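These are the residues of each chain, in order.
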Amino acid sequence: MTALVWFRNDLRCLDHPALSAGVEQGSCRAVYLLCPQQLDEHIIAPIRRQYLRLALDALAAELAALGIPFDIIDAGHFRDVPGVLNRYCQQHRISEIFAHEELLLDEIERDRQCAETLPVPLHLLDDCLLHPKLVCKDNGEPYKVFTPFSRRCRSRLREYWPRCLPRPKPQAAPIKATSAPVFGEEKDATDWPVSERDVLAQLKTFSRERAPDYGRQRDFPAEEGTSRLSAALALGLLSPRQCLARLQLECGDALWDTQSGAGIWFNELLWREFYRQVCYHFPQVVRGRAFKPHTEHLQWRNNREEFAAWQRGETGYPIVDAGMRQLLTTGWMHNRLRMITASFLCKHLHIDWRWGEAHFLAHLIDADFASNNGGWQWAASTGTDAVPYFRIFNPTTQSKRFDADGRFIKRYVPELSDHKGNALHLPPNVKYYPNPIVDHAESRAFTLALFEKLKD
Ligand SMILES: Cc1cc2nc3c(=O)[nH]c(=O)nc-3n(C[C@H](O)[C@H](O)[C@H](O)COP(=O)(O)OP(=O)(O)OC[C@H]3O[C@@H](n4cnc5c(N)ncnc54)[C@H](O)[C@@H]3O)c2cc1C
């Protein structure tokens, strides 16, 4: 009899609890169930589609080197998964299945149906940073605000430091690797590393050379100040435990200092955990609802032409346009710009955050439902943010602060390459570049009125 390791968003061999458990059974094989219909229903960017395919190829090569047969099967939709797995188990005389638990609604339901209908046990193992994975208050309630959550996580991690599992030993001589099929429109993702070796090298370089300065550099989009590991983390080419382990190795105890670069980066990994837990405890956000129910009554203007201008990066606010064009051309956007562009859509154009959330999913290589939803609801003041709705980013002030010399803007908005100073951050009539689509002061006043109305 053979054990089956079911890969999901955990496409790696190192530090993989389910793979280690499968290999321990003596004989195992592995499977990935591609669900193109599910992916289309939930929106997938063409660049992410290619990235996923390349990552599957890289995983297939790793597993082949370990002598583990790996099948990539088109299962269509999540609802078809139990049937497909059932047939697979019979065909290959599978005795048990190992996989990692996921915390989103559809995934939970898929796993429940599998557990109920499969003829063999499905073992769902923990693949989270924290152990046990859910961090609640002393009274058992989930956290709704990040800062106390992160404090609790840190104290827990001080007591229980997660251990990274080694690569499993080969179970047989190397075999021929399978390759993943093309499953829809793709955009070139070959600039993004997919092999475990390259991704780990990226982590090492960042932790050693840039993490100590992360606090000073991370907000400036023209600098290479952040790790750019989000795409790898989203597909699980890397585990958050590996991130912490490497950070500790390179930065030592600075990790625990919340003011140090390493400590601030550690915090970002906790934001990622936080939004996952929010999705688990407050599943209304996965169903497209606001975290704060009363904000469902916000009267968005939802002007389609303004939305299209925002999507194209033609709002007349250079920092917003540069961010939106970075997304369209590269499939990634710097965090500071995600905050500015999202805030602009909701609080300057008064467009429903869900429109922006979907647009990001349609273009991001690192699309991650929980982090994207959390980021959007944060920007729209409908989410977990402790800061009240009247924090409204002024795009011009943000631009002067975080791209003072306009290096980033000029990279993506070449129409402004000859501009500097105020004429760059809020240009007066420029040929070939739009005038500001809305006035900042008027939009701000409108937003305040929108939120004030909620109190009536
Ligand atoms: C509107 C909006 C949408 C977003 N959508 C996504 C998304 O779809 N996928 C995604 O991974 N991140 C998302 N983020 C969070 C953040 O912008 C990205 O994780 C970050 O820009 C990725 O770059 P990096 O890997 O260089 O990050 P680093 O600064 O190096 O951070 C390290 C890791 O920590 C995690 N992280 C960092 N910031 C956050 C955050 N605010 N929330 C949750 N996790 C975080 C990421 O996994 C990231 O790779 C969004 C933020 C906003 C404001």
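Owing to the predicted nature of the structure, the values given are computational and were not obtained by experimental measurement.

**Structural notes on the nonpolar core**
Reasoning step 1: Counting residues in hydrophobic clusters, the biggest one holds 121 residues, and the most contacted among them are Phe7, Leu11, Tyr51, Phe70 and Trp310.
Reasoning step 2: Setting aside residues up to four positions removed in sequence, Phe70 forms contacts with Phe7, Ala30, Val31, Tyr32, Leu56, Leu59, Ala60, Leu63 and Thr178.
Reasoning step 3: Ranked by size, the runner-up nonpolar core spans 19 residues in total, among them Leu4, Val81, Cys114 and Val120.

**Some thoughts on the packing of aromatic side chains**
Reasoning step 1: Taken as a whole, this structure holds 23 aromatic pairs when the rule is applied.
Reasoning step 2: A network of ring pairs unites the aromatic residues Tyr143, Phe146, Phe149, Trp271, Phe274 and Tyr275 as a single cluster.
Reasoning step 3: Between the NZ or CZ atom of Arg154 and the centre of the ring of Phe266, over which it lies, the distance is 4.6 Å.
Reasoning step 4: Cation over ring: Arg336 sits above Phe402, and NZ or CZ is 4.1 Å from the ring centre.

**As for unusual backbone geometry**
Reasoning step 1: Phi angles above zero are rare outside glycine, and His350 is one such case at about 55 degrees.
Reasoning step 2: Residue position: His350 is located in the loop between helix H14 (335–347) and helix H15 (353–361).
Reasoning step 3: Here the phi dihedral of Tyr432 falls at roughly 70 degrees; this positive angle occurs in a residue that is not glycine.
Reasoning step 4: By secondary structure assignment, the location of Tyr432 is in the loop between helix H19 (422–425) and helix H20 (440–454).
Reasoning step 5: Using a relative accessible area of 69% as the deciding quantity, one classes Tyr432 as exposed.

**A short note on the packing of helix H4 (residues 81–91) against helix H5 (residues 105–117)**
Reasoning step 1: Closest axis-to-axis distance for the H4/H5 pair is 9 Å, and the angle between their directions is 40 degrees. Relative to H5, the element H4 is oriented oblique. Helix-helix and strand crossings are classified by hand; for H4 and H5 the assignment is right-handed. Across the interface between the two elements, Val81, Pro82, Leu85 and Asn86 of H4 pack against Arg110, Gln113, Cys114 and Thr117 of H5.

**Focus on the side chain of Glu196**
Reasoning step 1: Of note, Glu196 is situated in helix H7 (residues 196–210).
Reasoning step 2: Not counting the four nearest positions on each side in its chain, Glu196 is found in contact with Arg12, Cys13, Leu14, Glu62, Arg167 and Leu237.

**What about the UniProt feature "domain: Photolyase/cryptochrome alpha/beta" (unreviewed entry) in the chain?**
Reasoning step 1: Sites flagged by UniProt as "domain: Photolyase/cryptochrome alpha/beta" (unreviewed entry) map to residues 1–130.
Reasoning step 2: The span residues 1–130 carries 45% helix and 22% strand; its end-to-end C-alpha distance comes to 33 Å.

**Details of the environment of Lys204**
Reasoning step 1: The topology assignment puts Lys204 in helix H7.
Reasoning step 2: In contact with Lys204, other than residues within four places in its own chain, are Arg246 and Glu250.

**Let's talk about the sheet that holds strand S3 (residues 70–74)**
Reasoning step 1: The 5 strands lie next to each other as S3-S2-S1-S4-S5, forming an open sheet whose pairing is parallel. The open sheet has two free edges, formed respectively by S3 and strand S5 (122–125), since each of these has just one partner strand. Mean inter-strand twist for the sheet, computed between neighbouring axes without regard to direction, equals 25 degrees.
Reasoning step 2: Judged from the 4 bridges that link them, strand S1 (residues 2–7) and strand S4 (residues 94–100) form a sheet pairing that is parallel. Bridge pairing in S4 places Ala3 opposite Glu96.
Reasoning step 3: Strands in contact with H4 are S1, strand S2 (28–34), S3 and S4; relative to S2, the strand with the most contacts, it is inclined by about 155 degrees.

**A word on the site of the ligand**
Reasoning step 1: Around the ligand lies a shell of 28 residues, among which Tyr214, Thr226, Ser227, Arg228 and Asn335 are the nearest.
Reasoning step 2: Between the ligand and the protein, one listed contact pairs an oxygen atom with a backbone N or O atom of Ser230 at 2.9 Å.
Reasoning step 3: One nitrogen or oxygen atom from the side chain of Asn335 is found 2.7 Å from an oxygen atom belonging to the ligand.
Reasoning step 4: Protein contacts shield 96% of the accessible area of the ligand, which totals 810 Å² for the unbound molecule.
Reasoning step 5: Elements with a contribution of two residues or more to the shell around the ligand: helix H9 (230–235), helix H11 (261–281), H14 and helix H16 (369–380).
Reasoning step 6: Of the residues forming the shell around the ligand, the biggest block, 6 residues, is contributed by H11.
Reasoning step 7: For the shell around the ligand, the per-class residue count stands at 15 nonpolar, 7 polar and 6 charged.
Reasoning step 8: Two domains each donate at least three residues to the shell around the ligand, and these are domain 2 (128–165 + 196–281) and domain 3 (293–454).

**Quick word on the pairing of S4**
Put simply, side chains in a regular strand alternate between the two faces of the sheet.
Reasoning step 1: Within S4, 6 of the 7 residues are buried, which leaves the element mostly enclosed by the surrounding structure.
Reasoning step 2: As paired strands, S4 and S5 are joined by 4 bridges and run parallel to one another. Bridging from a neighbouring strand, Phe98 pairs with His123 of S5.
Reasoning step 3: Since S4 and S5 lie parallel, the crossover through H5 that links them has a hand, and here it is right-handed.

**Things to note about the domain arrangement of the chain**
Reasoning step 1: Its domain assignment divides the chain into domain 1 (2–127), domain 2 (128–165 + 196–281) and domain 3 (293–454).
Reasoning step 2: Centre-to-centre, using C-alpha coordinates, domain 1 lies 25 Å away from domain 2.
Reasoning step 3: Taken together, the contact between domain 1 and domain 2 spans 21 residues of the former and 24 residues of the latter.
Reasoning step 4: Carbon and sulfur atoms supply 56% of the area that domain 1 and domain 2 bury against each other, a total of about 2,000 Å² over both sides.

**Brief notes about the pattern of salt bridges**
Oppositely charged side chains can form a pair if their charged atoms are brought close together.
Reasoning step 1: In this structure the tally under the stated criterion is 34 salt bridges.
Reasoning step 2: With a shortest N-O distance of 2.9 Å, Glu268 and Arg218 are connected by a salt bridge. Placement of Glu268 in helix H11 and of Arg218 in the loop between helix H8 (214–217) and H9 is noted, with a sequence separation of 50 residues between them.
Reasoning step 3: Across the pair Asp405 and Arg407 runs a salt bridge, and its minimum N-O distance is 3.3 Å.
Reasoning step 4: Overall, Asp405 belongs to the partly exposed group, its relative accessible area being 47%.
Reasoning step 5: Taking relative accessible area as the criterion, Arg407 reaches 42% and is therefore assigned partly exposed.
Reasoning step 6: Via salt bridges that share partners, Arg8, Glu102, Arg110 and Asp111 belong to a single interconnected network.

Rules and cut-offs
Residues numbered from 1 in each chain as written. Predicted model: local features only at pLDDT ≥ 70, side-chain atom pairs only at ≥ 80, totals over all residues. Heavy atoms only, no water. Core = buried A, V, L, I, M, F, W, Y, C linked by side-chain atoms within 4.5 Å. Buried < 20%, exposed > 50% of the residue type's maximum accessible area, 1.4 Å probe, protein only. Contact = heavy atoms within 4.5 Å. Phe/Tyr/Trp six-rings, centres within 6.5 Å; stacked < 30°, edge-to-face > 60°. Lys NZ or Arg CZ within 6 Å of the ring centre and 35° of its normal. Helix = DSSP H or I, 4+ residues; strand = E, 2+ residues; numbered from the N terminus. Axes fitted to C-alpha atoms, helices over the stretch in contact; angles between N-to-C directions. Parallel < 35°, antiparallel > 145°, perpendicular 65-115°, else oblique. Left-handed = near helix turned anticlockwise from the far one by under 90°. UniProt positions renumbered as here; feature names shortened; annotations may be inferred. Pairing = 2+ DSSP bridges. Near = heavy atom within 4 Å. Polar contact = N/O pair within 3.5 Å; in protein donor to acceptor, adjacent residues only side chain to side chain. Areas by Shrake-Rupley, 256 points an atom, 1.4 Å probe, with all protein chains shown as cover. Nonpolar A, V, L, I, M, F, W, Y, C, P; charged D, E, K, R; others polar. Domains from an automatic or database assignment. Right-handed = clockwise from strand over helix to strand, strands pointing away. Buried area = accessible area lost by both parts, 1.4 Å probe. Salt bridge = Lys/Arg side-chain N within 4 Å of Asp/Glu carboxyl O.

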